[in-house]
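These are the residues of each chain, in order.
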Amino acid sequence: MIAKISSGKSTAGLIRYLFDTEKATDHVDPHLVTSWDGFAPDPGRADDFDATRKLLVADLDLHVKQARRLGRAPEQHVWHCSIRATETDRILSDEDWADIARRVVAATGIAPQGDSDGCRWVAVRHAPDHIHIAATKVRADLRTARHWNDYHTADRELAVIEKEYDLFQVVRGDRTAAKRATRAEQEKARRAGQDRPARERLRATVRTTVAAATSVEEFVHLLSHIESVLVEVVHYPSGDVRGYKVASEDTTTADNEPVWFSGSELAPDLSFPKIKKRLESIDPQSADKPGRRGPNPWHQATAAAERIPHHLDQMDDEASQAHLAAFGEALDALPLLAPQTLRPQLRDAATAFERATRSRIRAEHHHARALRGAVRAMVRGPAPKDGTVLAMFLEAAILVVLAAARWHQLRHHDQQVAAAQQTLLHLQAAYDQAAAAPLASLAQRQPPQQAVVRQIRRLRQVVPEHAEQIIKDPAFAALTTARAEAEVAGHDPEQLLQQVADQRALNDARRPARVLAWRIQCLSERPAPSAQTGAAQARSPAWADSAARRPDAPEHTAAAAPAPQLSQARRR
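Computed from a predicted model, the values in this text were never measured in an experiment.

A. Summary view of the packing of helix α15 (residues 388-410) against helix α16 (residues 414-444). Look at α15 against α16: their axes get within 9 Å of each other, and the N-to-C directions meet at 165°. Taken together, the axes of α15 and α16 are roughly antiparallel relative to one another. Crossing angle aside, the handedness with which α15 passes α16 is left-handed. On the side of α15, the interface is formed by T388, L390, A391, L394, E395, A397, I398, V401, L402, A405, H408 and Q409, while α16 contributes Q416, V417, A420, T423, L424, L427, Q428, A430, Y431, A434, A435 and P438. Taken together, the residues that form the contact of α15 with α16 break down as 17 nonpolar, 6 polar and 1 charged.

B. Just the packing of aromatic side chains, in detail. Within this structure, the stated rule accounts for 3 aromatic pairs. Summarising the aromatic geometry, the rings of F219 and Y244 are spaced 5.5 Å apart at their centres and angled 80° between planes, so their arrangement reads as edge-to-face. Placement of F219 in helix α8 (residues 216-224) and of Y244 in strand β7 (residues 241-248) is noted, with a sequence separation of 25 residues between them. Y244 carries the same exposure label as F219, and that label is buried.

C. Expanded view of the environment of L337. Within the secondary structure, L337 is located in helix α12 (residues 317-337). As a C-alpha pair, L337 and M378 span 41 residues in sequence and 8.0 Å in three-dimensional space. In contact with L337, other than residues within four places in its own chain, are W298, M378 and V379.

D. Structural view of α16. The terminal C-alpha atoms of α16 lie 45 Å apart, and with 31 residues this matches the ideal 45 Å at 1.5 Å per residue to within 8%. Along α16, the largest kink reaches about 35° and is centred on A436; proline P438 follows within four residues of it.

E. Structural detail: the environment of V104. By secondary structure assignment, the location of V104 is in helix α4 (residues 94-108). By relative accessible area, V104 is classed as buried at 1%.

F. Quick peek at helix α10 (residues 272-280). Among all positions of α10, only F272, I275, R278 and L279 are buried. Along α10, the residues classed as buried sweep out an arc of 125° about the axis, all on the same side. Those residues of α10 that are exposed and angled more than 90 degrees off the buried face are P273 and E280. Structurally, α10 contributes buried residues whose contacts are with α7 (198-212), α8, β7, α12 and α14 (369-380).

So, how was this worked out
Residues numbered from 1 in each chain as written. Predicted model: local features only at pLDDT ≥ 70, side-chain atom pairs only at ≥ 80, totals over all residues. Heavy atoms only, no water. Axes fitted to C-alpha atoms, helices over the stretch in contact; angles between N-to-C directions. Helix = DSSP H or I, 4+ residues; strand = E, 2+ residues; numbered from the N terminus. Parallel < 35°, antiparallel > 145°, perpendicular 65-115°, else oblique. Left-handed = near helix turned anticlockwise from the far one by under 90°. Contact = heavy atoms within 4.5 Å. Nonpolar A, V, L, I, M, F, W, Y, C, P; charged D, E, K, R; others polar. Phe/Tyr/Trp six-rings, centres within 6.5 Å; stacked < 30°, edge-to-face > 60°. Buried < 20%, exposed > 50% of the residue type's maximum accessible area, 1.4 Å probe, protein only. Expected span 1.5 Å × (residues − 1). Bend = angle between axes of the 7 residues up to and from the residue. Arc of directions from axis to C-beta.

Distances and angles like these do not, on their own, reveal function.
Spelled out as structure tokens, the structure:
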């Protein structure tokens, strides 16, 4: 159910509209379903409609006129609330709507339950799927009703009503969503031939800039050099940056002036203080500079993303929120790094997940330094030679989004859950497209049949519970190539397979061969362990524990780590 609340100056005008059947052709059989005392005159059931309507208006305005003589009546004395059921809901009876109306006026403070001095109100039904509540805001004690925050109190009560009446449960927010573009902004964008209003385009631009910057100074510099974006930086007398405003060159007022938006007007997390806090949490050493050799940032980002589901399972909500915000920044940066054909899906994924990066939980951004540093190194580094690293990251990203949906669902963040589910559709489409070419290239280099048979035997030894599913996977040919090339590079293929199987549970993977192929390629790019390293690993308790879990070990008693309990409907 959806409530819409407004205020007005004319009780007579509102009542006239609610009972009108001539101008409003969709008004059918208007009548009262209940009122403040249950005895209000009903014009819809009276023989003399006009006289009864005037009597109803007079009754509703009684306390308003009394307060006006004392100079205490509010100018906007009319309170109007419409409540509409969804199309899929059953038709409610007049008694049902009466109960709903009484609960809403009580929850909002118009007529608290048990308060004999509450405001006067009526509930009018003139269509099967909704009612209108008309009230005057002056109480019987001539005080103005305390109905602050009435939209949200009504919304909370309607959420309870939906469950009790077994109605469709509307997705509700927590007031952390970015402000939507107004209808005027949407119309202006449509007339100008823009696909999105200026507010939404600027929001995406600023988010991408934050994802690429490593400091406040660099954020301002990058933003100032973006084509078609105007930037105005506000400084303190000391010269330090106080805030910023942005405008689009193609969007102006009637006086040909730019339409400016502050960061907080774009989104709650894009205010300058919040951007500053996020950028100050970045480790300066974690973002590689161009030309500087170091770990592959794509692999670092993938490894950091793969750890996010584990972080979300912990009890530290502030850290979890930080990891989701950092992952959102990674999605913001991907369109800058991906091939042109993938950018539309990735932009849509980033836009959708933006809602899932915010909640009432305060983020402790220092918890997500690894991913943020890797993303900035990706932006500064050379473009990947092929789509392997992108496909690898997207495969991990899908798991993050699934875990994010579950995390938000447990905390009843309805809008964030819906945003994560929408993100998943775009990421899966981008992943399938990005993975096609690298997998085909690997499959073309498949080793001889004798080597494939040997690999199948090893698979059945190392991951017996998944072996048959892996062998039947269309990506199995690519997996055999990845393992064969890792062996040529000096890696022990059996140990490598065990390592990647331990790193990532396969229970939640619809295509486990793809998962293993990406992980083996990632690990095989590292130098092969020397004999001394192998001996040290054998002496390591962690390596010994890993070996003990192998099915061919003398005593195989340790169970594999359970996969997260993810929705079967959204597994890949």
